[in-house]
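Topology and contacts: notes
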Amino acid sequence: MTTRAPKGTIDVLPPESAAWRRLLRAFDSLAERYGYGLALTPLFEATELFARGVGEETEIVSKQMYSFTDKAGRALTLRPEATASVVRAYLQEGRTGVLKCAYSGPMFRYEQPQAGRRRQFYQVGVEYLGEPSPDADVEVVEVGYRLLEELGIRGVMVLLNSLGDPEDRVEYRQLLRAYLAERADLLSEDSRRRLDTNPLRVLDSKADVAVVAEAPATLDHLGPEAAAHFAAVRLGLERRGIPYEIAPRLVRGLDYYNRTVFEYQARSYTAAQDALGGGGRYDPLAELLGGPPIPGVGLAMGVDRIVAAMPEEGGEGSLGVFVVLADPGRRAEALDLVAMLRAAGVSADLDLGERSVKAQFKVAGRRGAAVAAVVGAEWAEGRVTVRAMADGEEETVPIAEVAAWAQAR
RNA sequence: GUGGCCGUAGCUCAGAUGGUUAGAGCGCCAGGUUGUGGCCCUGGAGGUCGGGGGUUCGAGUCCCCUCGGUCACCCCA
């Protein structure tokens with residue numbers, strides 16, 4: 001083996017990829033049911049988009065970007081997240097009003113890989129643009145929650161906080177900075193540096209939990225509007241039956257958030273990086289990108305982590321019929337039968353190698369086929385032998401009835 | 001970027017003090033059952049011992065470097 005997948009990237013192949021497919025399909029149908037259309041945006045963007053949108057002082061922008069210059073000297077970056085792109089597209093297309101859309105795909109961050117963290121990772125997410133109502137926040141939180149629920153993940157908890165509005169934060173920031181400055185000698189080096197640039201980031205620093213435990217909380221310094229918004233979000237979540245916990249130190253690592261921020265955790269997934277997803281409201285973002293004020297709220301779910309948290313799928317593949325060629329002279333007929341089944345909506349396959357009947361049955365079992373259909377001498381009378389792989393029940397039926405026989409299993 | 005642990009067949013791993021042709025289980029292929037899987041039996045294929053350099057008569061085994069994996073810090077999905 002000369003070349004391997006780059007550090008921090010993975011290959012996902014069958015049968016493990018079945019869980020990924022299940023997740024992607026569940027998300028796709030969920031997003032559609034909640035009224036989110038599909039958004040496709042580039043995997044790379046102008047570096048400036050993330051610098052301005054995500055924030056110069058964030059970990060992501062200051063040291064985790066996969067940046068490069070193209071042949072014309074443009075400064076580009078592989079997207080570390082998708083929200084900035086979606087908002088950019090909204091602005092670029094001159095959209096107004098509400099836009100609800102969903103996306104899925106790889107994101108890139110140059111980090112040391114560890115459990116739950118890779119350099120290329122996958123996210124599914126939704127963005128609800130142009131809507132300031134707290135009910136939009138509730139809906140977005142619900143989409144992520146239902147996804148985890150539908151995938152059978154147990155013990156999901158939503159962590160919820162409000163950062164308030166930018167104007168609330170001016171005052172709060174001074175309070176926090178004063179509090180932290182008094183204890184600067186106890187802070188980690190990183191946190192001390194952030195004291196001036198972005199004191200909120202200190203709140204979720206693991207190194208400084210002790211110092212930060214008694215720090216003033218954003219929740220105690222919300223303006224009347226932000227406070228009402230937060231109360232409405234809580235009420236909405238309760239009405240939807242979504243369990244949540246108030247998490248006063250949850251600030252999240254992107255600068256564009258205001259008001260609602262949230263994360264999902266699950267009992268079945270414990271690692272240092274344990275957020276299965278997260279998001280929040282980002283009303284300031286559109287203006288940061290040079291556009292008019294456009295409210296928005298969104299979420300991103302970490303596909304890699306969710307797959308790791310999903311219960312093991314008992315059943316194997318979803319193959320309906322595996323066609324066994326018992327008479328090599330009838331290869332063309334076997335191919336016809338497979339085509340016929342596929343056209344009838346039954347998943348069907350066969351082994352194209354010249355292998356023994358026994359070997360073909362083995363493959364049928366391994367592929368998780370519900371039924372094996374033998375193409376042999378009985379084809380001359382227009383019949384094939386079908387066998388239910390689970391219990392060995394066997395019967396010889398007319399060719400035209402194979403699909404129905406299989407569907408009944 | 002920093003640190004701990006690890007790197008022998010496709011997978012999971014054995015290979016005390018360096019010593020002849022590197023092993024097992026599982027998986028894979030074939031046969032036993034001339035048209036039938038999951039059990040059993042037999043046989044077979046498959047290994048630059050991560051890579052490079054060094055010590056030595058001799059290195060999977062010792063030393064150095066390097067690459068990779070994994071977990072953690074930082075931070076996040």
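This one's a predicted model, so the numbers in the text were calculated from it and none came from an experiment.

With that out of the way, let us pick up the packing of helix H1 (residues 17–33) against helix H5 (residues 134–150). Relative to each other, H1 and H5 sit at 140 degrees, their axes nearing to 10 Å. Considering the angle they form, H1 stands oblique to H5. Seen from above, H1 lies across H5 with right-handed handedness. Contacts between H1 and H5 involve Leu23, Ala26, Phe27, Leu30 and Arg33 on the former and, on the latter, Val143, Arg146, Leu147 and Glu150.

In this structure the tally under the stated criterion is 21 salt bridges. Of the charged contacts, one joins Arg146 and Glu142 as a salt bridge, the two residues approaching to 3.1 Å between their closest N and O atoms. Placement of the pair is Arg146 and Glu142 together in helix H5, with a separation of four residues, close to one helical turn. Accessibility classification places Arg146 together with Glu142 in one group, the buried group. The salt bridge involving Arg367 is made with Asp349; its shortest N-O contact spans 2.7 Å. Note that Arg367 is positioned in the loop between helix H13 (357–366) and strand S14 (371–375) and Asp349 in strand S13 (residues 348–350), a separation of 18 residues in sequence.

In this section: the confidence of the model for chain A. Overall, the predicted model of chain A reaches an average pLDDT of 90, with 98% of residues at or above 70. Two summary scores accompany this predicted model of the complex, namely pTM at 0.91 and ipTM at 0.83.

Reading guide: rules and limits
- Residues numbered from 1 in each chain as written.
- Chains lettered and ligands numbered in written order.
- Predicted model: local features only at pLDDT ≥ 70, side-chain atom pairs only at ≥ 80, totals over all residues.
- Heavy atoms only, no water.
- Axes fitted to C-alpha atoms, helices over the stretch in contact; angles between N-to-C directions.
- Helix = DSSP H or I, 4+ residues; strand = E, 2+ residues; numbered from the N terminus.
- Parallel < 35°, antiparallel > 145°, perpendicular 65-115°, else oblique.
- Left-handed = near helix turned anticlockwise from the far one by under 90°.
- Contact = heavy atoms within 4.5 Å.
- Salt bridge = Lys/Arg side-chain N within 4 Å of Asp/Glu carboxyl O.
- Buried < 20%, exposed > 50% of the residue type's maximum accessible area, 1.4 Å probe, protein only.
- pLDDT = per-residue confidence, 0-100.

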